[in-house]
There are 2 protein chains.
Amino acid sequence: MDPVMSRRSIREYKDHPVSDEMVHTLLKAAMVAPSAGDERPWHFVVINDRQVKAQIPGIHRFAPMAPNAPVALLVCGDENLQKHKGFWVQDCAAATENILIEAQQQGLGAVWLGVYPVEGRVQAFRQLLDIPEHVIPFALVLVGHPAEHKKPADRYDDSRVHTNGWNVSRSASSDELLAHQPGNGKAAPVGTRQGRTHQAGCEQ
Amino acid sequence: MDPVMSRRSIREYKDHPVSDEMVHTLLKAAMVAPSAGDERPWHFVVINDRQVKAQIPGIHRFAPMAPNAPVALLVCGDENLQKHKGFWVQDCAAATENILIEAQQQGLGAVWLGVYPVEGRVQAFRQLLDIPEHVIPFALVLVGHPAEHKKPADRYDDSRVHTNGWNVSRSASSDELLAHQPGNGKAAPVGTRQGRTHQAGCEQ
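Model, not experiment: these values are computed from the prediction. (Residues numbered from 1 in each chain as written. Chains lettered and ligands numbered in written order. Predicted model: local features only at pLDDT ≥ 70, side-chain atom pairs only at ≥ 80, totals over all residues. Heavy atoms only, no water.)

1. Focus: the overall build of chain A
Regarding its fold elements, chain A presents seven helices and five strands. Secondary structure elements of chain A, listed N to C terminal, follow the sequence α-α-β-α-α-β-α-β-α-β-β-α. When each of the 204 residues of chain A is scored for burial, the buried share is 59%. Counted over contacts in chain A with a minimum sequence separation of 6, partners at least 24 positions apart contribute 76%. In the structure as shown, chain A presents an accessible area of about 8500 Å², 48% of it carried by carbon and sulfur atoms. (Helix = DSSP H or I, 4+ residues; strand = E, 2+ residues; numbered from the N terminus. Buried < 20%, exposed > 50% of the residue type's maximum accessible area, 1.4 Å probe, protein only. Contact = heavy atoms within 4.5 Å. Areas by Shrake-Rupley, 256 points an atom, 1.4 Å probe, with all protein chains shown as cover.)

Structure, rendered in structure tokens:
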């Protein structure tokens, strides 16, 4: 089982608790994520209180199912923990994605609900959970034992792949590159340059 | 093998190519990442041209080993593809993390080198690869067959975990919460509220 390829967003959960050990494993996965200069600018709020969960749909319109999830994890960024200014968002996103993939690895189901940079959601979660001002609620992950089953998705899109330059087809030979022919599988965006001479030195 | 838990940043590579099929698998993993409203605001530049790779150390000070990597993937964000304003960074970070974990799953080694929001790096990669103005070079991932081996890391830090509120210890009983005692394993940050009455309803 490849947990990256098989992961899907799971929004329906069995009425069955997620053990503390499982939650610990998910948090361990989150914290092993890479971060800029290993700065680890994150905090996590584990939400398993029925009354707290009940308030989530009122502050996040894509979270009507939050009360049905045995546990929710609020990933937060702490600007004071940054060594590299401006990197906390991607660090926290890597940690969040690790939670999702680890959930899949453990047979759990999870979904990522965006919080930051929607200011209303940020403020509402901060108020709900007494989060200090320098800490930014970033994303909410609902976790449970899956009550829906989805086949792996294939979202591969060749038009998003470029090789050694924006207008260079993956399959283009050096001759094609030098001849600067369109119609080799990539449309040529207006206003960009083509035909870089170093393409002739392609290794593969 | 748990590819989330075992993944490490690999900066030394064997002199052995990464097959096109492997690169395709990594890109497929990247594009199966979740994104805000499934907006998929990403592009990928596969860099395997020796002359292009040779220019990377000059534009990214943490990439002296780029010429030794058989392939580098530049993950880019396209602001024009966003449905939800401001989410492209976290979407691209999830895609980037998927590449790293899938590389581990496939027995490859990879490292994430931050590009955005360091403006000098963004501009230098844009120029090097003819990337249009509305597309933002986000992160560079070097990939190869690992020539260094690292044990799994454990970066779990209990002080970053909060339960149902910022100042609530994971192990606190309802009585402790109502009594509002410090010294239960969490320091109390100045200026935040404590003793939320709904904590008494903890499920676990």
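2. Description of the pattern of salt bridges
Residue and element names in this part refer to chain B. Counted by the stated rule, this structure contains eight salt bridges over all chains. In this structure, Arg-40 engages Asp-38 in a salt bridge whose closest nitrogen and oxygen atoms are separated by 2.7 Å. Owing to a relative accessible area of 26%, Arg-40 belongs among the partly exposed residues under this scheme. The partner of Arg-126 in a salt bridge is Glu-133, with the nearest N and O atoms 3.7 Å apart. (Salt bridge = Lys/Arg side-chain N within 4 Å of Asp/Glu carboxyl O.)

3. So, unusual backbone geometry
All names here are of chain A. Cis rather than trans, the peptide bond between Tyr-116 and Pro-117 has omega equal to 5 degrees. In this model, Asp-38 sits at a positive phi of 55 degrees, which is unusual for a non-glycine residue. Inspection of the secondary structure assignment puts Asp-38 in the loop between α2 (20–31) and β1 (42–47).

4. Quick notes on the relation of the copies chain A and chain B
Mapping chain A onto chain B leaves a residual RMSD of 0.0 Å; the transformation is a rotation of 180 degrees accompanied by 0.0 Å of translation along its axis. In symmetry terms, the pair is related by a two-fold rotation axis. With an isologous cut-off of 70% or more, the 100% of interface residues of chain A that recur at the interface of chain B puts this contact in the isologous class. (Least-squares fit on C-alpha atoms with pLDDT ≥ 70 in both.)

5. As for the sheet that holds strand β5 (residues 161–163) of chain A
The sheet built from five strands is open, its strands ordered β5(A)-β1(B)-β2(B)-β4(B)-β3(B) with mixed pairing. Since the sheet does not close on itself, it has two edges, and those belong to β5 of chain A together with β3 (109–114) of chain B, each with one partner. The average angle at which neighbouring strand axes cross in this sheet is 25 degrees, direction not considered. Of the strand pairs in this sheet, strand β2 (residues 71–78) of chain B and strand β4 (residues 135–144) of chain B are connected by eight bridges, and their pairing is antiparallel. Within β4 of chain B, the residue paired with Cys-76 of chain B across the bridge is Pro-137 of chain B. Strands β1 (42–47), β2, β3 and β4 of chain B of the sheet are contacted by helix α4 (residues 88–105) of chain B, whose axis makes an angle of about 10 degrees with β4 of chain B. (Pairing = 2+ DSSP bridges. Axes fitted to C-alpha atoms, helices over the stretch in contact; angles between N-to-C directions.)

6. Observations concerning helix α5 (residues 88–105) of chain A
Residues and elements named next belong to chain A. Taking 1.5 Å of rise per residue, 18 residues should cover 26 Å, and α5 covers 26 Å from first to last C-alpha, within 8% of that figure. Here α5 lies mainly inside the structure; 17 of its 18 residues are buried. Gly-107 lies just past α5 and shows a positive phi near 80 degrees. (Expected span 1.5 Å × (residues − 1).)

7. Things to note about the sheet that holds strand β2 (residues 71–78) of chain A
With mixed pairing, five strands are arranged side by side in an open sheet as β3(A)-β4(A)-β2(A)-β1(A)-β5(B). Edge positions in the sheet fall to β3 (109–114) of chain A together with β5 (161–163) of chain B, since each has one partner strand and no second. Neighbour-to-neighbour, the strand axes of this sheet turn through a mean angle of 25 degrees, independent of strand direction. In this structure, β1 of chain A lies alongside β2 of chain A, joined through six bridges in antiparallel fashion.

8. Observations regarding the interface of chain A and chain B
Counting from both sides, the interface comprises 87 residues of chain A and, opposite them, 88 residues of chain B. Between chain A and chain B, the buried area comes to about 7700 Å², and carbon and sulfur atoms account for 55% of it. Together, Arg-155, Arg-160 and Trp-166 of chain A form the three largest contributors to the area buried by chain A at its contact with chain B, with a combined 11%. At the boundary of chain A with chain B, the tally comes to two salt bridges. Linking Asp-38 of chain A and Arg-155 of chain B is a salt bridge whose minimum nitrogen-to-oxygen distance equals 3.7 Å. If you tally residues by element for the side of chain A that touches chain B, the top one is α5 of chain A, at ten residues. Taken together, the residues that form the side of chain A that touches chain B break down as 42 nonpolar, 23 polar and 22 charged. Where β5 of chain A lies against β1 of chain B, three bridges are found, and the strand directions are parallel. Residue His-162 of chain A lies in a different strand from β1 of chain B, and its bridge partner there is Val-45 of chain B. (Buried area = accessible area lost by both parts, 1.4 Å probe. Nonpolar A, V, L, I, M, F, W, Y, C, P; charged D, E, K, R; others polar.)

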